[in-house]
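Here is how the chains run, residue by residue.
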Amino acid sequence: MATTSLLSIALCSLLVFNVCFAQVEQLRRSQQQRPQSERWRTECRLQRLNALKPSRQVRSEAGNSEYWDVEQEDQLQCAGFSAARHTIQQRGLLLPSFLNTPDLFYVLQGSGIHGAVFPGCPQTYESSPSQSREGRRESQRSGDEHQKVRPIQQGDIVAVPAGVTQWVYNDGNSPLVLISFMDVGNQANQLDISTRRFHLAGNPRREQQSQQQQQGQEGSRGQQENNGNNIFSGFDEKLLAEAFNVDVELARKLQNEDDNRERIVRVRDEFQIMSPGRRQEEGQSERDYNGVEETFCTLRLHQNIDRPSEADIFNPRGGRITTVDRRQLPVLRALQLSAERGVLYKNALVAPHFNAKSHSVIYVTDGSGRLQVVDDNGNNVFDGELQEGQLLVVPQNFAVIKRAGDRGFKWIAVKSSDNPQRTPLAGRISVIRGLPNNVLENAFNLSEDEAQDLKYNREEVTIFSPNRD
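Computed from a prediction, not measured in an experiment: that's the story for all the values here. (Residues numbered from 1 in each chain as written. Predicted model: local features only at pLDDT ≥ 70, side-chain atom pairs only at ≥ 80, totals over all residues. Heavy atoms only, no water.)

**Concerning the overall build of the chain**
So, point 1. Counting its secondary structure elements, the chain contains 11 helices and 25 strands.
So, point 2. Expressed as a percentage of its 469 residues, the buried residues of the chain come to 47%.
So, point 3. Put simply, 77% of the contacts in the chain that link residues at least 6 apart link residues at least 24 apart.
So, point 4. Working note: accessible area of the chain is about 24200 Å², and carbon and sulfur atoms make up 47% of it. (Helix = DSSP H or I, 4+ residues; strand = E, 2+ residues; numbered from the N terminus. Buried < 20%, exposed > 50% of the residue type's maximum accessible area, 1.4 Å probe, protein only. Contact = heavy atoms within 4.5 Å. Areas by Shrake-Rupley, 256 points an atom, 1.4 Å probe, with all protein chains shown as cover.)

Dropping the structure here:
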């Protein structure tokens, strides 16, 4: 009898492992089989690139949102990205919504709680019945259960697949600021080259109106959108009541018709949420992940990219560059995205290079830097200073060089590949270093000594320390 029980337990354990492994393997194979060419085909005939500021801003009750709309800029259309910067005040709640695109955001400042609801996954966070605000004992259905929530803090990269409902709450003592990159060119977007946010709650009428004004929308479609707010507002209230098995009055509240707080609302009462706590989450994030323990419902969504100890490239006199791709954060394999964090010290230089397999969308988080970008015809399409709060697109294979200003230069960049490839043109591992001397001599009409100088005078890898003048 004991042998039979042990055998049953072993078989069950093996079955659970195989199911989990099969889920991960299926996700991995599907992404390997999907060619990058399935991105939306966009025009990249750019005569000039520009440092971009937000094209519109919408104020809410407990914060504000600023937007870089893909429809407004040729370079954003080329890369297939739009962006948004959300400033959430203390006790502010960015209401639940979902997108037609993957969303990769970086926490610029502050700390908070991020929730993501994966369709079909169980509610694994449960609380016991407790005393209600009125002092009476709740019914047996009281307490709460919901899907996993995650503490986020400055320096975190958070990845959210298309169609996943997400919300953010500021539980800190300072504003929580997020810069969000939405990949409208991703194959997960089956609509059109625009960001469409589907609001689960609230009445974001001003946001919708400002977007329509930017896009110059007219006609019946624009009128329909002006009359609506969240997705529940378009349903008949009686059908909603029947679907949720509630009375009509409660169903009507889902539609938020008289709500003027916009997307970010202030939480009035105590915000009670089940969470293991920030310390436990941080301790868990330190362990090694091999991908097998991650199933669709338990995907790890965030990784801190600000830690100096995690840098991929470091020069003590120049700065550091850290990359988060599919190896550090496996969910990025499904999203076909990656992120880069750059920190340059005063007057330091990043070697001229190009991104062989991806577009790059750069956002300056601090300081300023001079950038030059060159296209396939050898034309300088950007030569200027990029300052804090500005955004610039560097299209695939366009060569770029960066020099930090007097206050240094920090940026976060999102790339349209989960396995990006940076190809330096100068330095110890550069293309020039890999060419034979005779090729350099004949290509550039150089002497033997000049070819040697060109190849070997710079021994640093990617980040170059400033010249000692």
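Next comes the rest of the write-up.
**Observations concerning the packing of aromatic side chains**
Working definition: an aromatic ring pair is given by the centre-to-centre distance plus the angle between the planes.
So, point 1. As enumerated under the stated definition, the model contains 4 aromatic pairs in all.
So, point 2. Look at tryptophan 68 and tyrosine 363: their rings are 6.0 Å apart centre to centre, the planes differ by 85°, and that puts the pair in the edge-to-face class. Residue tryptophan 68 is located in strand S2 (residues 63-68), and its partner tyrosine 363 is located in strand S20 (residues 360-374); the two are separated by 295 residues in the primary sequence.
So, point 3. Of the residues examined, tyrosine 363 reaches a relative accessible area of 4% and is grouped as buried.
So, point 4. Judged by centre distance (6.0 Å) and plane angle (70°), the rings of phenylalanine 232 and phenylalanine 244 are edge-to-face. (Phe/Tyr/Trp six-rings, centres within 6.5 Å; stacked < 30°, edge-to-face > 60°.)

**A short note on the environment of glutamate 459**
So, point 1. Take glutamate 459: it is sitting in the loop between helix H11 (448-456) and strand S25 (463-464).
So, point 2. Between the C-alpha atoms of glutamate 459 and alanine 426, which are 33 residues apart in sequence, the distance is 9.3 Å.
So, point 3. Excluding anything up to four places from it in sequence, glutamate 459 contacts Arg428 and Arg433.
So, point 4. A polar side-chain atom of glutamate 459 sits 3.3 Å from a polar atom in the side chain of arginine 433. (Polar contact = N/O pair within 3.5 Å; in protein donor to acceptor, adjacent residues only side chain to side chain.)

**What about the state of the cysteines?**
So, point 1. Tallied over the entire structure, the rule returns 1 disulfide.
So, point 2. Across the disulfide, cysteine 44 is cross-linked to cysteine 78 (sulfur-sulfur distance 2.0 Å). On the sign convention where negative is left-handed, the bridge of cysteine 44 and cysteine 78, at about 100° about the S-S bond, is right-handed. With cysteine 44 in the loop between helix H1 (2-33) and strand S1 (56-60) and cysteine 78 in helix H2 (residues 74-79), this residue pair connects regions lying 34 residues apart in the sequence. (Disulfide = S-S within 2.5 Å.)

**Thoughts on the pattern of salt bridges**
Where charged atoms of side chains with opposite charge meet at close range, the side chains can pair.
So, point 1. Across all of its chains, the model carries 14 salt bridges by this definition.
So, point 2. Here glutamate 61 ties to arginine 268 by a salt bridge, and the two come within 2.1 Å at their closest N and O atoms. Placement of the pair is glutamate 61 in the loop between S1 and S2 and arginine 268 in the loop between strand S14 (264-266) and helix H7 (278-285), with a sequence separation of 207 residues.
So, point 3. Here glutamate 61 falls in the partly exposed class, since its relative accessible area comes to 25%.
So, point 4. Among the salt bridges present, the one from glutamate 340 reaches lysine 415, with a minimum N-O distance of 3.1 Å. Of the two residues, glutamate 340 is situated in strand S18 (residues 338-344) and lysine 415 in strand S23 (residues 399-415); the sequence distance between them amounts to 75 residues.
So, point 5. Salt bridges linked by common partners bring Glu340, Lys415 and Arg422 together as one network. (Salt bridge = Lys/Arg side-chain N within 4 Å of Asp/Glu carboxyl O.)

**Regarding helix H5 (residues 237-244)**
So, point 1. Capping of H5 at its N-terminal end is provided by aspartate 236; its side-chain oxygen lies 2.9 Å from the backbone amide nitrogen of lysine 238.
So, point 2. Among the residues trailing H5, asparagine 245 stands out with phi positive, at a value near 60°.

**Regarding the nonpolar core**
So, point 1. One finds Trp68, Leu104, Leu178, Ile179, Phe181, Leu391 and Ile412 to be the most contacted residues of the largest nonpolar core, which totals 48 residues.
So, point 2. Dropping the residues within four chain positions of it, leucine 391 is found in contact with Asn50, Ala51, Leu52, Trp68, Gln75, Leu76, Ala83, Phe181, Val361, Ile362, Tyr363 and Leu386.
So, point 3. Counting 24 residues, the second largest nonpolar core, distinct from the first, contains Val350, Val394, Phe398 and Ile463. (Core = buried A, V, L, I, M, F, W, Y, C linked by side-chain atoms within 4.5 Å.)

**Remarks on the packing of helix H10 (residues 437-444) against H11**
So, point 1. Following both chains from N to C, one finds H10 and H11 inclined at 110°, their axes separated by 9 Å at the closest point. As summarised for this structure, H10 and H11 are arranged roughly perpendicular, according to the angle between their axes. Contact residues: H10 offers Asn437, Leu440 and Glu441, while H11 offers Glu448, Ala451, Gln452, Leu454 and Lys455. (Axes fitted to C-alpha atoms, helices over the stretch in contact; angles between N-to-C directions. Parallel < 35°, antiparallel > 145°, perpendicular 65-115°, else oblique.)

**Concerning the environment of threonine 462**
So, point 1. The topology assignment puts threonine 462 in the loop between H11 and S25.
So, point 2. Taking the C-alpha atoms as reference, threonine 462 lies 6.8 Å from proline 424; in sequence the two are 38 residues apart.

**Description of the sheet that holds strand S5 (residues 103-109)**
So, point 1. Pairing in this open sheet of 7 strands is antiparallel, and the strands run S1-S2-S3-S12-S5-S10-S15 from one edge to the other. Both edges of this open sheet fall to S1 and strand S15 (302-304), since each of them pairs with a single strand only. Each neighbouring strand pair of the sheet contributes to a mean axis angle of 20°, computed without reference to strand direction.
So, point 2. Note: strand S3 (residues 81-88) against strand S12 (residues 176-183), 8 bridges, orientation antiparallel. Among the inter-strand pairings, histidine 86 is bridged to a residue of S12, identified as leucine 178. (Pairing = 2+ DSSP bridges.)

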